[in-house]
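# Breakdown of the fold
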Amino acid sequence: MTRTEMSPKPPLTTIEQNQIVLVAHRLADAARVETLAHFRNQALTEDNKLAKGFDPVTVGDRNAERAMRDILDRDRPDDAILGEEFGAKPGKSGLTWVLDPIDGTRGFISGTPTWGVLISIADETGPLYGIIDQPYIGERFEGGFGRADMNGPQGPRKLCSHAPRDLSDAIVLSTFPEINTPRDQQGFQAVANKTKLTRYGMDCYGYALIATGQVDLVIEAGLQAYDIQAPIAVVQAAGGVVTNWRGDPAHQGGQVIAAANAQIHAQALALLAPFAD
């Protein structure tokens, strides 16, 4: 191994970070156009990715990811890309854009505004910066590179997760009541049974609600990297904690717990750990 191969990649400069942020917002703007062109359109049809079960994909998903990839090919040609719909493209910069053009396609085809566009950029350690964008509501949440901000109908504001409170006072979210496997569901219920309120069907919007200080926990399982990397960046920038159910990094997906703060994360993790993969 040469000295160059052994040397760590130098940190991004402020100028490089700002350039990445500008590109990320261009991606989100482009995805808004493509997704809103098909949202709440009764003529919209979907394909099922699964031979057994239901995992829908629509023209909105595909067009949004194509639009984002076109921008990256032009503006960031040396970066790698990992997208839900069109897979991985290698790069040589050491950075990877992780894209989910519509996180929550089931919500998208149902007309609920809980889906979102997920955009993040990562190195070998995990996500550095991310955006959760909800085009229909017009809310955009970003975190990383010293930013923890949102903008929407009520104007710009800083993101800040909820202060510590006991698990018995907490609000916990998940997308599906059945979560993933029966064992995963047992783990989720071990926590949910101790909380004040449980709500379902939030998709990626649940993570944004942690970052805004509205809720305390999101617990899910069976996630992919493109489902969680942008939420990790946003939640952590707002002061929250995101790990797997063992307390380890979660940027590759799987079982995930996102918490508003370290204290409630520890309380919930103690109940989840016996059910960890």
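Residues numbered from 1 in each chain as written. Predicted model: local features only at pLDDT ≥ 70, side-chain atom pairs only at ≥ 80, totals over all residues. Heavy atoms only, no water.

### Considerations on the pairing of strand β15 (residues 254–259)
We count it as follows: Partly exposed describes any residue whose relative accessible area lies between the buried limit of under 20% and the exposed limit of over 50%, with all areas from a 1.4 Å probe on protein chains only and scaled to the type maximum. By definition, any uninterrupted DSSP run of H or I lasting at least four residues is a helix, any uninterrupted run of E lasting at least two residues is a strand, and each is numbered from the N terminus. A pair of strands is labelled paired if DSSP reports no fewer than 2 bridges between them.
In terms of burial, β15 is a largely internal element, five of the six residues being buried. Where strand β13 (residues 217–223) and β15 come together, five bridges link them in antiparallel fashion. Each bridged residue has a counterpart across the sheet, and for Leu223 the counterpart in β15 is Gly254. Alignment of strand β14 (residues 241–243) against β15, held across three bridges, turns out to be antiparallel. Paired with Thr243 across the two strands is Ile257, which belongs to β15.

### Overview of the side chain of His251
For the record, the criterion: By definition in these notes, contact holds between two residues if any of their heavy atoms fall within 4.5 Å.
As for its position among the elements, His251 is in the loop between β14 and β15. Aside from chain neighbours lying at most four places away, what touches His251 is Glu124, Thr125, Gly126, Pro127, Ala225, Ile228, Gln229 and Ile232.

### Observations concerning unusual backbone geometry
Here the phi dihedral of Arg40 falls at roughly 55 degrees; this positive angle occurs in a residue that is not glycine. Even without being a glycine, Asp203 presents a positive backbone phi close to 55 degrees. Tracing the sequence through the fold places Asp203 in the loop between β12 (197–200) and α6 (205–211).

### Points about the sheet that holds β15
Note the cut-off: Axis angles are defined between N-to-C directions and span 0 to 180 degrees, where every axis is a line fitted to C-alpha atoms and, for a helix, only to the segment in contact.
Spatial strand order, β12-β11-β13-β15-β14: five strands in an open sheet with mixed pairing. The sheet is open, and its two edges are formed by β12 and β14, each paired on a single side. On average, adjacent strands in this sheet sit at an angle of 15 degrees to one another, irrespective of strand direction. Its contacts with the sheet place helix α8 (residues 262–272) against β13, β14 and β15, and it is angled at close to 145 degrees to β15.

### Some points on the packing of helix α5 (residues 182–192) against α8
What counts, and what does not: Just so you know how the angles are binned, under 35 degrees is roughly parallel, over 145 roughly antiparallel, 65 to 115 roughly perpendicular, and the rest oblique. Each crossing gets its hand from how the near helix is turned against the far one by less than a right angle, where anticlockwise is left-handed and clockwise is right-handed. Residue classes follow a fixed rule: Ala, Val, Leu, Ile, Met, Phe, Trp, Tyr, Cys and Pro count as nonpolar, while Asp, Glu, Lys and Arg count as charged, and any other residue, Gly among them, counts as polar.
Remark: α5 packs on α8, axes separated minimally by 8 Å, with the N-to-C direction vectors making an angle of 140 degrees. When the interaxial angle is binned, α5 and α8 end up oblique. Both α5 and α8 take part in a crossing whose hand is right-handed. Contact with α5, carried on its side by Gly187, Phe188, Ala190 and Val191, involves Ala268, Leu271 and Leu272 of α8 and no other residues of that element. When its residues are assigned to classes, the contact of α5 with α8 shows six nonpolar, one polar and no charged.

### As for the side chain of Gln229
Condition: Within 3.5 Å is the distance limit for a polar contact, defined as a pair of N or O atoms, with the added protein rule that one can donate a hydrogen and the other accept it, and that residues adjacent in sequence qualify only through two side-chain atoms.
With respect to the helices and strands, Gln229 occurs in helix α7 (residues 225–237). According to the relative accessible area criterion, Gln229 is buried, its value standing at 4%. At 2.9 Å, the side chain of Gln229 forms a polar contact with the backbone oxygen of His251. The contact partners of Gln229, leaving out residues within four places of it in the chain, are Val98, Ser120, Ala122, Pro127, His251 and Gln252.

### Some thoughts on the environment of Lys158
Tracing the chain through its elements places Lys158 in strand β10 (residues 157–158). Assessed through its relative accessible area of 64%, Lys158 is described here as exposed. Considered as a pair, Lys158 and Ala148 are ten residues apart in the sequence and their alpha carbons are 5.9 Å apart.

### Thoughts on the sheet that holds strand β4 (residues 87–89)
Pairing is mixed across the open sheet formed by eight strands, whose spatial order is β4-β3-β5-β6-β7-β8-β9-β10. The open sheet has two edge strands, β4 and β10, and neither has a second partner. Bridge analysis of strand β6 (residues 116–123) against strand β7 (residues 126–134) gives seven bridges, and the strand direction is antiparallel. Its bridge partner being in β7, Ile121 is matched across the sheet by Tyr129. The strands touched by helix α3 (residues 59–75) are β3 (80–83), β4, β5 (96–103) and β6; relative to β5, the strand with the most contacts, the crossing angle is about 155 degrees. On the sheet, α7 packs against β3, β5, β6, β7, β8 (139–144) and β9 (147–151) and is oriented at approximately 95 degrees with respect to β7.

### A word on the pairing of β8
Among the six residues that make up β8, six are buried, leaving the element largely enclosed by the rest of the structure. Neither face of β8 is exposed, since Glu139, Phe141 and Gly143 on one face and Arg140, Glu142 and Gly144 on the opposite face are all buried. What sits between β7 and β8 in their antiparallel hairpin is a turn of four residues, with Gly138 showing a positive phi close to 80 degrees. Here β8 pairs with β9 via five bridges, running antiparallel. Pairing of Gly144 across the sheet is with Arg147, part of β9. Counting the residues in the hairpin turn of β8 and β9 gives two residues, including Phe145, whose phi is positive at 55 degrees.

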